[in-house]
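# Reading the structure
As a plain string of letters, each chain reads:
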Amino acid sequence: MSKRDFFKKIWSMCYLSTGGALAYGGLSIYNNNEKFYGDVLMPLIRYIDPETSHNLAVKALKYELIPKSKYVDDPVLKTSFFGKELSNPIGIAAGFDKQGEAVSGLKKIGFGIVEIGSVTPEPQSGNPKPRVFRLSEDEAIINRYGFNSSGHTQVLQNLEKIDAEKWHDSILGVNLGKNKDSLDATEDYIKGLKLFSTVADYLVINISSPNTAGLRELQKKDHLYQFLKGIVSARNSMETEKKPLLLLKLSPDLSNDEKNDIVNILNKKECKIDGLIISNTTLQRSNLTSTEFVEETGGLSGKPLKDISTNMIRDMYKLTKGKVPIIGVGGVSSGRDAFEKILAGATVVQLYSSFAYEGPPIVSRIKSELSECLLNDGYTCVNDAVGKEIATGNKKSGFFRFF
Ligand SMILES: Cc1cc2nc3c(=O)[nH]c(=O)nc-3n(C[C@H](O)[C@H](O)[C@H](O)COP(=O)(O)O)c2cc1C
C-alpha cells in the first residue's frame, strides 16, 4: 500500500468514526438517553467552565435544540396549585433561566413549573467572574452571580413571546430581585409586581439571596413588617381583575426565633402573602467532602442543602399550620427527595443543581420515581401527601409501613 493510500484510509476511518460518534450522540440526545448524558455528555461538559456551560444550556433550551420529553406524566402526579391543575409538581428553580429566554424549552423537557429570574428593575452585570463553582464530589454548586439581569423591560419582552396557549397545565413564576445600588428596595419589588403581573402566574419576592449586600436583612422582623406591608398594599390596590399571587423566598440559614418572627408577621392581614419558597442557597459549609472551592464566597446549593431545606419546610409548615402553600427546593436529585419535601409540607418541588449535573433526563427520572413513591404509599394524587409526615407521623412510608 502506498503512503498516500495509507493516509487516505486513516482519514476515511477518522471520518467514519467521527460521523458515527456524532450520529450516536445526536440520537442519544434525541432519545433523552440517561446513560449517554450520565457517562458521556455531562462529564465532558464539566471540562467547560460552569458559567459558560450554564449559558450554553440556556441557549440550547432557548432554541429548543433539546427534544421534547417522551415521558407522559403519570396521573398520580397531577397537582392542584393555586387553583391550577398541573400535570406534575416538578419545577426548575430561579437562577437557571435568569432572563426568561428558555421558558418553552424548559416546559418541553417536562417541567410543570418554570420560575425565571431573579430580575432587577434596571439591567446590571452582577459580580465579577468567576462567580460559579462546581463542588463535583458533593454534587453541589457555590454561586455568587449577584443578580446579573437584563432588567425588567428586556425580560418582559422575552416573556411576551411565549405562546400562552401551551401553558394550560403548567405555571410560570417570575422571581424579583432588587438592583445593587437601589435606594428603595420596596419600590424595586413593587415595580416588578406591577410589570410582570400580566404574564406571570405568581411573583416571588426574593429577599434571601446571599449575594446582594443587605438583602437578607429584609427577612428580619424590624424590616420585614414595613417591607411586606408596602408590597401587599401595592398589590391590593392594583386595579387589575386578577391580583398577582405573591410568594416569599426564604433563606435556609434562619434561626428558630427568626422563623417565628416571620410567621407572626405573615399572620397579619396587611402582610398576607400567598405562599413561601423554601429555600434559597445556604452560607453553611458543613458535611462537604470537596476540598476545592469550599472557601469561595457565595450560596451553596445541591445535595448538601437537601436536609437543611427539608427540615426548614417541615418547621414552616408546622408554624403556619399548613395554611400557607410551600414550594420546596434544595438538593432534590431523586423522586424520593421530592417525596420527602412533599411529606414535609411542600405542594410542589423545584430543582436546579441536580439539573446542572445530570441534564434533561433527570426531569423524567424524578417524575417517574416520585409517581412510584406516591403509588407505593397508597396516594392517588400529590395534594393528598402534602404534610402527611406531620399529620400521621408518616405512618404510610418507610419504617412505619410494617406496623
Ligand atoms: C447558579 C445559581 C444561580 C441562582 N440564582 C438564583 C436567583 O437569581 N434567584 C433565586 O431566587 N435563587 C437563585 N438560585 C437558588 C435556586 O433557585 C435554589 O433555591 C437553590 O439552588 C437550591 O436548589 P438546588 O439545590 O436544587 O440547586 C440560584 C442557584 C444557583 C445554583
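Residues numbered from 1 in each chain as written. Predicted model: local features only at pLDDT ≥ 70, side-chain atom pairs only at ≥ 80, totals over all residues. Heavy atoms only, no water.

### Quick word on the layout of surface pockets
Reported here for the second largest pocket is a volume of approximately 470 Å³. Lining the second largest pocket are 20 residues, and of these Lys84, Thr198, Val199, Ala200 and Asp201 sit closest to its centre. Mapped onto the lining of the second largest pocket, the elements with two or more residues apiece are helix H5 (152-160) and strand E7 (171-176). (1 Å grid on protein atoms, 1.4 Å probe; cavity = no way out; pocket = protein on both sides within 12 Å on 5 of 7 lines; lining within 4 Å. Points joined across faces, edges and corners; volume = space filled by probe spheres on them. Helix = DSSP H or I, 4+ residues; strand = E, 2+ residues; numbered from the N terminus.)

### Quick word on helix H2 (residues 34-45)
Three- or four-residue spacings in an α-helix give side chains the same orientation, since the helix completes a turn every 3.6 residues. Every buried residue belonging to H2 is among Phe36, Tyr37 and Met42, and all of these are buried. Buried positions in H2, seen along its axis, are confined to an arc of 125° and lie on one side of it. Turned more than 90 degrees off the buried face of H2, the exposed positions are Lys35 and Leu44. (Buried < 20%, exposed > 50% of the residue type's maximum accessible area, 1.4 Å probe, protein only. Arc of directions from axis to C-beta.)

### What to know about empty space enclosed by the protein
Inspection of the entire model under this criterion finds one cavity of 30 Å³ or more. Taken as a whole, the largest cavity holds about 30 Å³ of empty space. Together, Glu139, Gly302, Lys303, Gly331, Val332, Ser333, Ser353, Ser354 and Tyr357 line the largest cavity. When its residues are assigned to classes, the lining of the largest cavity shows two nonpolar, five polar and two charged. (Nonpolar A, V, L, I, M, F, W, Y, C, P; charged D, E, K, R; others polar.)

### Concerning the confidence of the model for the protein
For the protein, the average pLDDT comes to 92, and 93% of its residues sit at 70 or higher. Confidence drops under pLDDT 50 across residues 393-403; counting only partners more than four residues distant or on other chains, this segment forms 16 contacts. (pLDDT = per-residue confidence, 0-100. Contact = heavy atoms within 4.5 Å.)

### Re the sheet that holds strand E10 (residues 275-278)
In any sheet, the strands associate via hydrogen bonds between backbone groups, in a parallel or an antiparallel arrangement. Within the closed barrel, the eight strands sit side by side as E3-E4-E7-E8-E9-E10-E12-E13. Their pairing is parallel. Averaged over all pairs of adjacent strands, the angle between strand axes in this sheet comes to 25°, irrespective of strand direction. Bridge count between strand E9 (residues 245-250) and E10: four bridges; the pairing is parallel. Bridging from a neighbouring strand, Leu248 pairs with Leu276 of E10. Along the sheet face, helix H7 (residues 221-236) touches strand E8 (202-206) and E9 and points at about 160° away from the line of E9. Sheet strands touched by helix H10 (residues 335-344): strand E3 (90-92), strand E12 (326-329) and strand E13 (348-351). Its angle to E13, the strand with the most contacts, is close to 135°. (Pairing = 2+ DSSP bridges. Axes fitted to C-alpha atoms, helices over the stretch in contact; angles between N-to-C directions.)

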